[in-house]
Structures are given as C-alpha cells and as structure tokens.
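# Residue-level structure breakdown
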Amino acid sequence: AYTVTAASDLAVVTAIRLEVYAHESLPMNGPGRADNGNFHLSEFSAALFRPGHPEPVKLAFRRATADYNQPDWDIAKAIDGNGGTAWGIHPNEGRNHYAVFELAEPLKLAPGDRLSI
C-alpha cells in the first residue's frame, strides 16, 4: 500500500491523475515490480483532511479511465470496492501509463486542506 498526502493550491478538484513510470531499475523496465514489469492496482482511494475536523472525508469516484487496460483487469476495477480485482497493464509493460479518477462531485478546497491518496 502506498499513501501520498499533500496540500494543493487549486480551488476545485474534479479528478486525480495517477501516473506510473517505466524505469530501467525495475523488472522488464516496469512500471511494476512483478517479474514481467506488470503491476495490479487493487484499490484507489482518496480522502480529504480538513483542519479542525477529526475525521477525514472519504471521496467518491464516478468514473475511472486509463491509457491502457489489461484484458479483464480494467481501470474500473481499481474503484469497485473489491480488493480481489485490480487494474493491470500486461502485456504493455516497459512504458509509462496513466489513469484518471473522476470525483463524483467537484471538491472545493480551503486553505489548510490536505488530500490523502
């Protein structure tokens, strides 16, 4: 599991773009760590942390798209709530890829807000 938490100076967020990069240090140049360079993204989630609010607000996604989908492992499976399904990119390893996760509702950010992905 990977978690990234950051602030943004954007006023409104409508989507989150995930980019995965090929690199010579990875098996078959990646972008994954599997022997063939593939990866499986089982669940993509995001939450909003607001100053003065003890609990984060879980963000909902309405749709996900990707530049490439492994057959039967499409990007929609990364937001289906099922940890047994995932997005994959086989046999298109060794190249950069991206996915865009569209929020169900535009998110208005205030100073001090942080997104955790």
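Please refer to the structure higher up on the page.
Residues numbered from 1 in each chain as written. Predicted model: local features only at pLDDT ≥ 70, side-chain atom pairs only at ≥ 80, totals over all residues. Heavy atoms only, no water.

## Describing unusual backbone geometry
Residue Pro31 follows Gly30 across a cis peptide bond; omega there is 15°. Mapped onto the secondary structure, Pro31 falls in the loop between β2 (12-20) and β3 (47-49). Note that the residue after His90, namely Pro91, is joined by a cis bond; omega there is 10°. Note that Pro91 resides in the loop between β5 (61-66) and β6 (97-108). Its identity is not glycine, yet Met28 carries a phi of approximately 55°, on the positive side. Summarising the element assignment, Met28 is placed in the loop between β2 and β3. Here the phi dihedral of Asp72 falls at roughly 70°; this positive angle occurs in a residue that is not glycine. (Helix = DSSP H or I, 4+ residues; strand = E, 2+ residues; numbered from the N terminus.)

## A look at the sheet that holds β2
Strand order across the open sheet formed by three strands is β2-β6-β5, with antiparallel pairing between neighbours. For this open sheet the edge positions go to β2 and β5, each flanked by a neighbour on one side alone. Pairwise comparison of adjacent strand axes, ignoring direction, gives a mean angle of 20° for this sheet. One ladder, built from five bridges, connects β5 with β6; its direction is antiparallel. For Ala66, the partnering residue across the bridge sits in β6 and is Ala99. (Pairing = 2+ DSSP bridges. Axes fitted to C-alpha atoms, helices over the stretch in contact; angles between N-to-C directions.)

## Digging into the sheet that holds strand β1 (residues 5-6)
Across the sheet, four strands lie side by side as β1-β7-β3-β4; this open sheet has antiparallel pairing. The two strands at the open ends of the sheet, each matched to only one other strand, are β1 and β4 (57-58). Sheet topology places β3 next to β4; two bridges connect them, and they run antiparallel. When the sheet's bridge partners are listed, Leu48 is paired in β4 with Val57.

## Some thoughts on the pattern of salt bridges
On inspection of all chains with the given rule, the structure shows four salt bridges. The residue Glu19 makes a salt bridge to Arg17 at a minimum N-O spacing of 2.8 Å. Among the salt bridges present, the one from Glu102 reaches Arg63, with a minimum N-O distance of 2.7 Å. With Glu102 in strand β6 and Arg63 in strand β5, this residue pair connects regions lying 39 residues apart in the sequence. Overall, Glu102 belongs to the buried group, its relative accessible area being 13%. The structure contains a network of salt bridges with shared partners spanning Arg62, Arg63 and Glu102. (Salt bridge = Lys/Arg side-chain N within 4 Å of Asp/Glu carboxyl O. Buried < 20%, exposed > 50% of the residue type's maximum accessible area, 1.4 Å probe, protein only.)

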